[in-house]
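Below, each chain spelled out in residue letters.
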Amino acid sequence: MKRFARITGTGSYLPPKIITNSELEKTLDTSDEWITGRTGIKERRVVDGESTCDLALEASKRTLEMAEIRASEIDLIILATTTPDKIFPATATMLQSRIGANCPAFDLQAVCAGFIFALTTAQQYIENGVYKNVLVVGSETFSRIIDWNDRSTAILFGDGAGAVVLSSDNTAGIKYSKISSDGSYLSSLHVNNNYINEIGYVEMSGNEVYKIAVKQLANIAEEILRESNLTASEISWMVPHQANIRIITAIAKRIGLPMSKVILTLETHGNTSAASIPLALDVAVRDGRIKKGDKLLLEGIGAGFSWGGLLVEY
Ligand code: UT7
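Bear in mind the structure is a predicted one, so any value in this text is a computation, not a measurement.

A. Just the state of the cysteines, in detail. One pass over the full model with this rule turns up zero disulfides. Here cysteine 53 is not disulfide-linked; the sulfur of cysteine 103 is the nearest cysteine sulfur, at 13 Å.

B. The arrangement of the domain arrangement of the chain in detail. Domains assigned within the chain are domain 1 (4–171) and domain 2 (174–313). Taking the mean C-alpha position of each, domain 1 and domain 2 sit 14 Å from one another. The interface of domain 1 with domain 2 comprises 54 residues on the first partner and 47 residues on the second. Taken together, both faces of the contact between domain 1 and domain 2 bury some 3900 Å²; the carbon and sulfur share is 65%. Per-residue buried area on domain 1 facing domain 2 is highest for Cys112, Ile116 and Phe117; these three make up 16% of the total on that side. Counting the contacts that link domain 1 with domain 2 gives one salt bridge. In this structure, arginine 6 and glutamate 313 form a salt bridge, with 3.1 Å as the shortest nitrogen-oxygen distance. One can count 18 residue pairs in polar contact (both at pLDDT 80 or more) joining domain 1 with domain 2. Broken down by element, the residue count for the side of domain 1 that touches domain 2 peaks at eight residues, all from helix 5 (residues 114–127). Of the residues that constitute the side of domain 1 that touches domain 2, the class distribution is 25 nonpolar, 17 polar and twelve charged.

C. Layout of the sheet that holds strand 6 (residues 133–140). Spatial strand order, 1-7-6-4-5: five strands in an open sheet with mixed pairing. What marks the edges here is a single partner per strand, and that holds for strand 1 (4–13) and strand 5 (105–108). Across the sheet, the mean angle separating the axes of adjacent strands is 20° when strand polarity is ignored. Inspection of the sheet shows strand 4 (residues 76–80) paired to strand 5 by four bridges, in the parallel sense. For leucine 79, the partnering residue across the bridge sits in strand 5 and is aspartate 107. Against the sheet, helix 3 (residues 52–67) contacts strand 1, strand 4, strand 6 and strand 7 (160–169), and its axis sits at roughly 125° relative to strand 1. Sheet strands touched by helix 10 (residues 276–286): strand 1, strand 6 and strand 7. Its angle to strand 1, the strand with the most contacts, is close to 90°.

D. Structural detail: the site of the ligand. Thr30, Arg38, Asn207, Asn244 and Asn271 are the nearest of the 22 residues found near the ligand. Separating a nitrogen atom of the ligand from a side-chain N or O atom of threonine 30 is a distance of 2.6 Å. In the environment of the ligand, an oxygen atom lies 2.6 Å from a nitrogen or oxygen atom belonging to the side chain of asparagine 207. Here the ligand loses 72% of its free accessible area of 950 Å² to cover by the protein chains. Those elements giving two or more residues to the shell around the ligand turn out to be helix 2 (32–39), helix 7 (206–227) and helix 8 (245–255). The greatest single-element share of the shell around the ligand, amounting to four residues, is contributed by helix 7. When its residues are assigned to classes, the shell around the ligand shows eleven nonpolar, seven polar and four charged.

E. Fine view of the nonpolar core. Core analysis: the largest hydrophobic core is formed by 46 residues, its most contacted members being Met238, Leu257 and Leu297. Elements with a contribution of two residues or more to this core: strand 10 (202–204), helix 7, helix 8, strand 12 (295–302) and strand 13 (306–313). The element contributing the most residues to this core is helix 7, with nine residues. Inspection of this core shows a minimum of three residues originating in each of domain 1 (4–171) and domain 2 (174–313). In contact with methionine 238, not counting residues within four places along its chain, are Ile248, Ile251, Ala252, Leu257, Lys261, Val262, Ile263, Leu297 and Glu299. The next biggest cluster of nonpolar side chains, apart from the first, holds 35 residues, and it includes Val164, Ala284, Leu298 and Tyr314.

F. Structural view of the environment of serine 236. Mapped onto the secondary structure, serine 236 falls in the loop between helix 7 and strand 11 (237–240). Beyond its immediate chain neighbours, meaning those up to four positions away, serine 236 contacts Lys261, Asp294 and Lys295. A distance of 2.7 Å separates a polar side-chain atom of serine 236 from the backbone nitrogen of lysine 295.

G. Here's a closer look at helix 7. Between the first and last C-alpha of helix 7 there are 31 Å, a value that for 22 residues agrees with the 32 Å anticipated at 1.5 Å per step. Summarising the contacts, the buried residues of helix 7 are in contact with strand 8 (174–181), strand 9 (189–191), strand 10, helix 8, strand 12 and strand 13. Positive backbone phi, at 55°, marks asparagine 229, one or two positions downstream of helix 7.

H. Highlighting the pattern of salt bridges. One pass over the structure, following the stated rule, counts eleven salt bridges. In this structure, arginine 6 engages aspartate 169 in a salt bridge whose closest nitrogen and oxygen atoms are separated by 3.9 Å. With a gap of 163 residues between them, arginine 6 in strand 1 and aspartate 169 in strand 7 connect regions that are remote in the sequence. Residue glutamate 222 is joined to arginine 254 by a salt bridge in which the shortest nitrogen-to-oxygen separation is 3.1 Å. Taken together, the residues span a long stretch of sequence, with glutamate 222 in helix 7 and arginine 254 in helix 8 at a distance of 32 residues. Within the structure, one salt-bridge network assembled from shared partners comprises Arg6, Asp169, Lys175 and Glu313.

Cut-offs used in this document
- Residues numbered from 1 in each chain as written.
- Predicted model: local features only at pLDDT ≥ 70, side-chain atom pairs only at ≥ 80, totals over all residues.
- Heavy atoms only, no water.
- Disulfide = S-S within 2.5 Å.
- Domains from an automatic or database assignment.
- Contact = heavy atoms within 4.5 Å.
- Buried area = accessible area lost by both parts, 1.4 Å probe.
- Salt bridge = Lys/Arg side-chain N within 4 Å of Asp/Glu carboxyl O.
- Polar contact = N/O pair within 3.5 Å; in protein donor to acceptor, adjacent residues only side chain to side chain.
- Helix = DSSP H or I, 4+ residues; strand = E, 2+ residues; numbered from the N terminus.
- Nonpolar A, V, L, I, M, F, W, Y, C, P; charged D, E, K, R; others polar.
- Pairing = 2+ DSSP bridges.
- Axes fitted to C-alpha atoms, helices over the stretch in contact; angles between N-to-C directions.
- Near = heavy atom within 4 Å.
- Areas by Shrake-Rupley, 256 points an atom, 1.4 Å probe, with all protein chains shown as cover.
- Core = buried A, V, L, I, M, F, W, Y, C linked by side-chain atoms within 4.5 Å.
- Buried < 20%, exposed > 50% of the residue type's maximum accessible area, 1.4 Å probe, protein only.
- Expected span 1.5 Å × (residues − 1).

And the structure:
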């Protein structure tokens, strides 16, 4: 019998420490008005000693609880992160041990598109009948690789984690998925160290990233609708990567989706990279906006560039 992949649980976790735009005004040549107007972000969470694995663990526990499975029932853990706790071992294996699972575990790095890439990878294992339950996590502590004196990046990013359990089912949850990369944009968005043991910080040509993000995310949204034979009016919710309200608004406008059907968390989360989509998904599942049977359009783009999207029936 053909196997399909379905999301059976979501969870998320944010570290308690908040940095507001007003606090950033005190140390940077910026203003709450500029940040809010240009990005939609008001505040972000940052770690205060917690690790990427700590955040992933809390999000994962909540996810397993909702999916009603025990850690021993997880067949595979894929952890999307750009900010692993160590170069090695993989943060996913630290999570495997701490949550009490007994399964293969690996990290996946596609920066802000990491969760989309991880979900698409998990889908293959399930649809091919290899595994039954895959824990897919996005966890980031970008605050550790931000130059807090650089106003072009310090205002944007935040820390957090989100996760889903993707399980084998006889009806399709994931109905379409697509990932892409174009590695010719290295200097547009990268960590600026030359050697792995040198300190480096996020460096970005915001404007260049902005234009490519709008173009590629609008293209992938259109492709998902076309390939799924759907119109925008048949989409229940778009759950986009949370980088900039203006990018999200431009995409929604291009496909004719009202903003009332877009899940937004960036006002209080900022850009949490690979964690932003599962965080937004979990917020909307738990507050009751996303319901069983809803058609979700998930999409994101990150440095590389790498981008992708999925059509998911929740
Ligand atoms: O997760 C995927 C990766 N990231 C993204 O998707 C981010 C994509 N890019 C963006 O979101 C936007 O490009 C930014 C929010 C980063 C910047 O917004 P922008 O509208 O593209 O601004 P800009 O870079 O064109 O700068 C406009 C002006 C400049 O001043 P002048 O040259 O016009 O005098 C900047 O120096 O705003 C200035 N500026 C700031 N002013 C106050 C840049 N950053 C700030 C700041 N506060 N934090």
